[in-house]
Structures are given as C-alpha cells and as structure tokens.
Amino acid sequence: MRRRGVSGVVKHLNMIRQAKGKTPRRPPPKKPSNTQKDPVGVYCRVRPLGAEDEECCIEVISNTTIQLHAPDGLKANRNGEFKETQYSFKKVFGIKTTQRELFEDVAKPLVEDLIYCKNGLLFTYGVTGSGKTHTMTGSPGQGGLLPRSLDMIFNSIGPYQAKRYVFKPDDKNGMEVQNQVDALLDRQKRDSQTTVPKTPTTRRIDPEFADMISPAEAFKADGVDEDSSYSVFVSYIEIYNNYIYDLLEETPFDPIKPKPPQSKLLREDQNHNMYVAGCTEVEVKSTEEAFEVFWRGQKKRRIANTQLNRESSRSHSVFIIKLTQAPLDADGDNVLQDKNQVNVSQLCLVDLAGSERTSRTRAEGSRLREAGNINQSLMTLRTCIEVLRENQMCGTNKMVPYRDSKVTHLFKNYFDGEGKVRMVVCVNPKADDYEETLLVMRFAEMTQEVEVARPVDRPICGFAAGRRQRNQAFKEELTRRLEDRGGPVTGESPTVLSQLLQSFPSLPASEIAGPNDDVTLPRLIEALEKRHKIRQMMVEEYNKTANMLKSMLQEQDGNFVAKENFISEQRGRLGEKDKMIQNQNNEIDRLEKKSKMLEYKIDILQKTSNIHEEDKRSLQHELDSREQRLQRELSDKRRMESRMQGIVSDTKLKWEKECERRVNAKQLEMQNKLWVKDEKLKQLKAIVTEGKSENRQPQRPSREKDKVPPKRSVSPSPVPTVPPVRPLHRRSHSAGGERWVDHKPTTNVDLDTVMQPNLPNAIKVTAPSEKALSKCDKYVLTHQEVASDGEIQTKLIKGEVFKTRGGGQSVQFTDIETLKQENPASASRKRRSSESGPSHEGERKDGDWTDVETRCSVAVEMRAGSNLGPGYQHHGYPKRRKP
C-alpha cells in the first residue's frame, strides 16, 4: 500500500508536467525588414614608439580624431607639399589604452550579438609592426580580443552547454542534432582514443597562453536564453598567396619528406553563405580548450612558415567561432530533435597581413611575388569598399568584385547584411611609416562611409518559457519527496502520505480462532471494503482536483501565453521604436561627423583661399609696382627720345651748314683751279698758234654763276674725317687667327685688272652685319670713285674690329690703300701741268689722304641689332680728344 501511494504521487506529478508541457505554440514574431543600415565601425589604435628619441608623425587630438603631420625630411624632399591632415574614427585608442578597454568598446557588442544569433566580423588592418597581432591575440596577462571573446562566451553559456557530440557539423555549413544514444557512442569513442587529451581541468595548461585574462577582467552577457542548449565550434584557417589552408587539419608528419599542406575551396551553402569546404571544426567546452586549439594552429603555422621560408606577416589568419543553439523540448530535459530549430551564428576574427609597399620590403624572387599577392588581395578589399561606397552614395548598381580575392569572397555575406562589420586600424606613429600610414588612413576613412544592412532577428521556438527551471524544480521536488518517503526509517517526522494512510479505519484482528470462526473474515472483509470505498472517494476527489487544477493551469498558461505574446508584441514595437531612435541617433552622429568633416574642409579651403588672396595681393602689388616702373621707364624713354631728336636735329643742322660751307669752299677752290688751267691753256694755245695775245686781265668767275656741280662717286664715299672711337675691348689674335670681313658694295664695278686685292680666310659681305663682325678680327671696305682724270679709283679702307661694352661690335679704321689706273699720256700731261702750275695755300694735295692722322680719324661702330643698308654702310663719329 505504501509503494502504490508513491507511484500514485509520481504519476500525478508526471500528469502535471505533461499538462504544463502541452501548452500551445507561440506564434513566431514578425521578421523585421532589413532596410535599416549601420555604418562600418572603424576604430583606431595607436601603439607606443619603440624608442623615446624616435620621430613621431601622429598626434591624438581627441577620443575620435588623430592628426598626421609629415616628417621634416619628407617635407624637405617634397618641397613641403605634405600638410597636416586630420582623420576621424568612431573611437581612437591611445598608447595608454588597456586590452580590457579595447575589448569592451569593440568586441563585446559582437559577442553579445553572437549569443543572440547574429553574425559578426572583426578584422585588424595596418602596416607590419603596428600592433595587429598584439591587438588580436595579446600576451600573458594582457589577453587580446580573441581570448577575451572566448572567455565571455563560456562565462555566459557555461551552465547551459549541451553535452559533447549532441550537435554535429554536417559538412555543409550546418549543424545536425544527434540523439542521446549516438552522442554517448561518440563520447565513448573519443574517450577511447589515447591521443585525445582528457578534460581541460585535468590537463596541464600551456605556459604560452596561461593567465591571459584575470578573473577580475571577465565579462558576461545578460539575457541568455536559459531554455536553449549551446555548443561552441572553432576553426582556424590561413590565406596565403590567395590559397586557403586549414591550420587544424590533422595530417601525418613525415620528417624525411614533408608534404605541403593542401589548399581548401570556397563553397556556398543553401542560405547563400560562403564557407570553407572540408575545414576542421573542433567542439570546445571551455576557454582554455578553445585557446589551446588556437595555439595548436599557431604552432602549425609557425612550422609551415619555417619549412616554406616565409614570413607570418605576409598571410591573413582567420579564427572562426561558431555558436550553435537549439531549444529544449517540452520537458526541458533534452535538446529538441528538429534541425530547423537549430540556429548557428559565427564570429570571424581576422588578422590581415601588413599593408606595406613591395619596394619597402626589399623582397626578391618568391618573396616579391608573395608580397605582390598580399598587396593584390588588400587592393581587392579596397576596391570592393570603393564600389560599395559608390553604389550607396551615387545610387549606382556596379558589381562588387568579391571573387577577385579569397578574403573578400569569404566575407562577402557580411557586407551584404549578414552581420556587423568592425575594423580596428592599428598604426605605428614612427616617421618611417608615414607614407604607408597615410594610405591606411585614407582607406579607413573611406571604409567608415560604407553602410551595411542591419542583421534581422531570427525566430525562436514557440514553447513556453522557463522549461529548464520547471524541469529542475520537478527533479528537486521528486528528490525531496523520495527523501521524505524514507523518513520513518531514518527517524524523520511522518509525511503527508503516512498521515493519509493512518486516517483509514483500522483493521480488525485477523487471527482466526478455529475452523468454525465466521466472524473474523467477514469483519476483515467489511473493513477492507470500507477502506476501498474511502480510497475510491479519495481517488475521485483527487482526479476532480487534478482536472480542476489542470484546467486552471491551462487557463493560466493561456493567459500567460497571451500576455507573453502581448508583451513580445509590445517589446517588438518598443524595439522598432528603439531601433528607429538608434537609427536616427546614428544618422545624427553621421551627419554631425559629416558636418565636422565639412567644417574642417571649409576651414582648409578658407585657409587656402586666404593664402591665395595674400598671394594675389602680393602679385597685384608687384604688378602695380612694375607697371609704375614701366611707366617711368616709358616716360624716361620718351624724354630721352625727344632729347635725342633735338640733339640729332641740332647736329644735323650744324653738319648741313658745315657741309654747305665746305662744299662752297671746295667749289670755289675748284673754280679757281679751273680758271688757272684755262688761262694756261689759252697761253699755250697762243704760243702754239703764234697769234697775238691780247693782254687781258682774266676775271674770277663768281661763286653763283660758275658753280660746277660736284661729281658723284660710284660707291659711297667715305665720311668726313673724324677722330676714331676709343677702343673698349681688344680682341685677342690667339682666339683663332686673323680673319677679314671683305665688304664689297653691290654698286662696285668689276675692273678686270691684273692686280686684285686677295684676302685669304675672309668673309665676303655686301653689307656689314653683327654676325660677320663677331667672327672676324679685321675689316676692309672696297670703295670706288671717279678720279679727276675720269678714271675709276679703288680704295681699300682697312680697320680692326673691337667688342663694345654694349654687346655690339665697333670698327676702327687704321689704313687706306689706293688702287688707281692711269693713262700714260694723260699722266705726263697732268704731271707737267701740275709742276708748272702755281700752288695755292688752301689747296689739298693728293698726299693728304695718306697721312696717318687723317687715316686714323675715322671710326665705324656696328651696334648690336643694327642693319645698315648698302647706301649708307657706316657712320662717322668724331673721336673725342682729351682737353
């Protein structure tokens, strides 16, 4: 009877559990639209300098702005063309920022989204040596983003983890749910393998990653769904030379002939998400185990780099954390065996290769090709960001070249709205990295202008909430009642069940006195029948109470579900309002940043405009001063021209009068000579004819009446005798020998005489030019005129060429040679008449032209740019004499 009572209690409690478990399914919440977009979160972290005396090119202006200024040497090399530039980020972390502060602002929201079934992508970008690996991995005592993310995940889901092998990858980027039997067999198989280490608590922790995070710095997510079961899977891959390698793949090691690792391929799952086909996914149950798996991949990466003689900074490393969660069944004890209810979210932590130029790496051969492939993949990433930015800002629909690189192809779903994207730009403030840092800053500035669609909330199971707690409460109550059941044996107080049993009518004595005893059995039967009736009444009352309680529970569950649906609806509306407010706040922040950027650009343009205005004013002032100077020079020139015109006119008038006086004197002299000759001829005629001579006194002809017109020479006659110009510069005879300028005017007549002037190495010209005079040392002018006897007389007027201070050429005449043809008869007659004729004091003899003083009194100057015609080949300047 006591055992039957215990089974009844158990059956009753099971009925209550089934009544509570068969609640109606909650309708899934409406899937919100993904039209809302968030910009890519770009953060900047500045590492400290290696040496205190090292030159710095980065200055942190505020918690969102940094300023770059070119080093002094670069300014000198580029004529100061680099100016100070400022760049804004979502947040800037200075040299004193701790790893905990960085994780709290950057990675903690991504881990929370991972627990809430949302994907995330976090990658570090920068030049080699800027602190990317330290930011991602960290060091003992200063754990980076990766170990802190793992620690926060296991701190949050630790009590709700499923047993190992309950979830199993299906090799198609999905997860399957195994029953308890299959999971138990897999666990036994794992435990039987000696190569697999035991639980993380019993193995020795590697000192390389021990004490990464102190307990005081641990984080934990709030609002974890207690009615779900969780499992964590990690994978670790490397992208090198645009090939994907699995760092967790177990391959047999051959020390004699090691085989190179096999590359993996990218595939697309049924949800159009990209994944690495055949990649090893390891299920981990603690932070230490997960980080040990990561460190095993790091060691394998180092071994591969050593064997292949490559640098670790020339490859991209990707650590993928997959969080699988599925709701518990109605009993709250086991995972629901429904693959459609399994949610898989992943967080990708990417450490990109260094983005420096190939010329700076000084690589050759295979290293140069390696650097080129790395730069090509980073360039593809920049191109994809540029195309996304152009499509969003300009409304275009250009195709984004994701497939040009494995990095962009693997993470294209994140940029299409499958999760949040965040980037940490690591910079080294030393001056040697200025140009590479400038390129990194420009890429970061462009990246934060790209907006990514906000991920949608995934639907949850429609079971009633609190299943795990009710199941736990049921187990505790059952344990307590079973303990209470054994109370009398253990000396405890009687339970309610024993009190109920004692309330039944007591049984009469069951000893039979003899074979004729007809009282004992009927009395016992009557007592048992009474007990049976009481039991039936209690069962009926119990069933009535149970049914009433069941209906009340169902009604309460219905009300509770309705209230939960109403609350979820209100929460959905509130979430939409919050999202709208958050979106508006983000838009306001974006517009404020844009406004600040535009204000900064306006300030720069204003400063540039002011500089240009100052340059314009200075140039205008200089132009005005030059115009004034030009006007003064023009006025001085006009005054000089007018003055020179007056001087020329006065000199011309003076020389005209002088020439007229000399011509008149010469005419009078020639008339006197002709008159004397005529008289002598008349006397000679009278003597020959023996006639009577009339003694008549001859009369001198008047100047006006007997004026004889002067004879014109064939070629230009030499100018009146003037003193030569004082030579300014003397040409050296050793500069190439004496060369002559043979000046023969076109008006000269060819005489066909036997003796002709012969000038070797001479430049023959018809008009003197600066070019010819600059090449020669001597100058000769062939001048022809008609002599008094009617014959043509040739004069060779010689001179030396000098260079003047004004840049021109001057000629100083030094000698005159006369070539003359004579008729013998006329020559004797002329000689006799000249000998017999009287001499006059005012008459100039033929020898006067050969006098040295007369010959040296004429100078010809050829100025630079002058062009003398054949009719006036030289100018006569009187040689100035000292007083």
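First, a word on scope: everything that follows refers to the structure included in this document. Keep in mind that this is a model prediction, so the values were computed, not measured.

1. Focus: the overall build of the chain
So, point 1. Along the backbone of the chain there are 20 helices and 27 strands.
So, point 2. Here the chain, with 883 residues, has 36% of them falling under the buried criterion.
So, point 3. Entry remark: accessible area of the chain is about 54800 Å², with carbon and sulfur atoms responsible for 52%.

2. Quick notes on the sheet that holds strand E5 (residues 85–88)
So, point 1. Sheet architecture is open: three strands sit in the order E3-E4-E5, paired in antiparallel fashion. Each of the sheet's edge strands pairs with one partner strand only, and the pair in question is strand E3 (58–60) and E5. This sheet shows a mean twist of 25° between the axes of neighbouring strands, independent of strand direction.
So, point 2. The sheet contact formed by strand E4 (residues 65–68) and E5 spans four bridges and is antiparallel. Residue pairing in the sheet places Ile-66 in a bridge with Tyr-87 of E5.

3. Quick look at the nonpolar core
So, point 1. Ranked by internal contacts, the top residues of the largest apolar core, which has 54 residues, are Ile-66, Phe-89, Phe-411 and Met-441.
So, point 2. Per-element accounting of this core gives the leading share, seven residues, to helix H13 (residues 434–447).
So, point 3. Contact partners of Met-441, with chain neighbours within four places excluded, come to Ile-66, Leu-68, Tyr-87, Phe-89, Val-425 and Val-427.
So, point 4. Within the second largest apolar cluster, 44 residues are counted, among which are Val-111, Val-284, Val-293 and Leu-323.

4. Topic: the pattern of salt bridges
So, point 1. Enumeration over the complete set of coordinates arrives at 29 salt bridges.
So, point 2. We note a salt bridge from Asp-191 to Arg-190, for which the minimum N-O separation is 3.8 Å.
So, point 3. A relative accessible area of 16% means that Arg-190 is categorised as buried.
So, point 4. Among the ionic pairs, Glu-283 bridges to Lys-285, the shortest N-O distance being 3.1 Å.
So, point 5. The exposure class assigned to Lys-285 is buried, which follows from its relative accessible area of 18%.

5. Considering the side chain of Asn-428
So, point 1. Here Asn-428 shows up in the loop between strand E20 (419–427) and H13.
So, point 2. Within polar-contact distance, the side chain of Asn-428 engages the backbone oxygen of Gly-129 at 3.4 Å.
So, point 3. When residues no more than four places from it in sequence are discounted, the contact partners of Asn-428 are Arg-47, Leu-49, Ile-58, Gly-129, Ser-130, Asp-433 and Thr-437.

6. A look at helix H3 (residues 99–106)
So, point 1. Looking only at H3, the buried set comprises Gln-99, Leu-102, Phe-103 and Val-106. Down the axis of H3, the smallest arc covering the buried residues is 95°, so these residues share one side.

7. With respect to unusual backbone geometry
So, point 1. Despite not being glycine, Cys-117 has its phi angle at roughly 70°, a positive value.
So, point 2. As for its placement among the helices and strands, Cys-117 is situated in the loop between helix H4 (108–115) and strand E7 (119–126).
So, point 3. Even without a glycine there, the phi angle at Asn-173 is positive, about 65°.
So, point 4. Counting through the fold element by element, Asn-173 comes out in the loop between strand E10 (167–169) and strand E11 (175–177).

8. Some words on the packing of H3 against helix H6 (residues 145–157)
So, point 1. Relative to each other, H3 and H6 sit at 65°, their axes nearing to 10 Å. Crossing angle aside, the handedness with which H3 passes H6 is right-handed. Judged by residue contacts, Gln-99, Arg-100, Leu-102 and Phe-103 of H3 engage Leu-145, Arg-148, Ser-149 and Met-152 from H6.
So, point 2. Residues belonging to the contact of H3 with H6 are distributed by class as follows: four nonpolar, two polar and two charged.

9. Re the packing of aromatic side chains
So, point 1. Across all of its chains, the model carries 11 aromatic pairs by this definition.
So, point 2. Through successive ring pairs, a cluster of aromatic residues spans Tyr-236, Phe-291, Phe-294, Trp-295 and Phe-319.
So, point 3. Seen from the ring of Phe-443, Arg-382 lies directly overhead, with NZ or CZ sitting 5.8 Å from the centre.

10. Observations concerning the environment of Glu-791
So, point 1. Within the fold, Glu-791 resides in the loop between strand E24 (778–786) and strand E25 (792–803).
So, point 2. Residues Glu-791 and Lys-820 lie 29 residues apart in sequence; the distance between their C-alpha atoms is 7.8 Å.

11. Quick notes on a nonpolar patch on the surface
So, point 1. On the surface, Ile-512, Leu-521 and Ile-525 cluster together into a nonpolar patch covering about 270 Å² of accessible area.
So, point 2. If you trace the backbone, Ile-525 turns up in helix H17 (residues 520–689).
So, point 3. We classify Ile-525 as partly exposed; its relative accessible area is 47%.

12. Things to note about empty space enclosed by the protein
So, point 1. One pass over the full model with this rule turns up eight cavities of 30 Å³ or more.
So, point 2. Counted as a void, the second largest cavity has a volume near 70 Å³.
So, point 3. As for the second largest cavity, its lining consists of Leu-121, Phe-123, Val-350, Leu-352, Leu-381, Val-407, Thr-408, Phe-411 and Phe-415.
So, point 4. Those elements that place two or more of their residues in the lining of the second largest cavity are E7 and helix H11 (406–410).
So, point 5. When grouped by side-chain class, the residues that make up the lining of the second largest cavity number eight nonpolar, one polar and no charged.

13. Examining the pairing of strand E13 (residues 243–246)
So, point 1. When strand E12 (residues 228–240) meets E13, the two strands line up antiparallel, connected through four bridges. Residue pairing across strands places Glu-238 opposite Tyr-245, the latter belonging to E13.
So, point 2. Linking two consecutive strands that pair antiparallel, namely E12 and E13, is a turn of two residues; a positive phi of about 55° is found at Asn-241 within it.
So, point 3. Direction of pairing for E13 relative to strand E14 (residues 263–264): antiparallel, over a ladder of two bridges. Opposite Tyr-245, over in E14, you have Ser-263 as the bridge partner.

14. Let's talk about the packing of H3 against H4
So, point 1. Here H3 crosses H4 at 50°, and the two axes come no closer than 4 Å. Classified by the interaxial angle, the pair formed by H3 and H4 is oblique. On H4, the residues that touch Phe-103, Glu-104, Asp-105 and Val-106 of H3 are Lys-108, Pro-109, Leu-110 and Val-111.
So, point 2. For the contact of H3 with H4, the class distribution of residues is five nonpolar, no polar and three charged.

Parameters at a glance
Residues numbered from 1 in each chain as written. Predicted model: local features only at pLDDT ≥ 70, side-chain atom pairs only at ≥ 80, totals over all residues. Heavy atoms only, no water. Helix = DSSP H or I, 4+ residues; strand = E, 2+ residues; numbered from the N terminus. Buried < 20%, exposed > 50% of the residue type's maximum accessible area, 1.4 Å probe, protein only. Areas by Shrake-Rupley, 256 points an atom, 1.4 Å probe, with all protein chains shown as cover. Pairing = 2+ DSSP bridges. Axes fitted to C-alpha atoms, helices over the stretch in contact; angles between N-to-C directions. Core = buried A, V, L, I, M, F, W, Y, C linked by side-chain atoms within 4.5 Å. Contact = heavy atoms within 4.5 Å. Salt bridge = Lys/Arg side-chain N within 4 Å of Asp/Glu carboxyl O. Polar contact = N/O pair within 3.5 Å; in protein donor to acceptor, adjacent residues only side chain to side chain. Arc of directions from axis to C-beta. Left-handed = near helix turned anticlockwise from the far one by under 90°. Nonpolar A, V, L, I, M, F, W, Y, C, P; charged D, E, K, R; others polar. Phe/Tyr/Trp six-rings, centres within 6.5 Å; stacked < 30°, edge-to-face > 60°. Lys NZ or Arg CZ within 6 Å of the ring centre and 35° of its normal. Patch = residues over 30% accessible without salt bridge, like charges linked within 9 Å, V, L, I, M, F, W, Y side chains within 5 Å. 1 Å grid on protein atoms, 1.4 Å probe; cavity = no way out; pocket = protein on both sides within 12 Å on 5 of 7 lines; lining within 4 Å. Points joined across faces, edges and corners; volume = space filled by probe spheres on them. Parallel < 35°, antiparallel > 145°, perpendicular 65-115°, else oblique.

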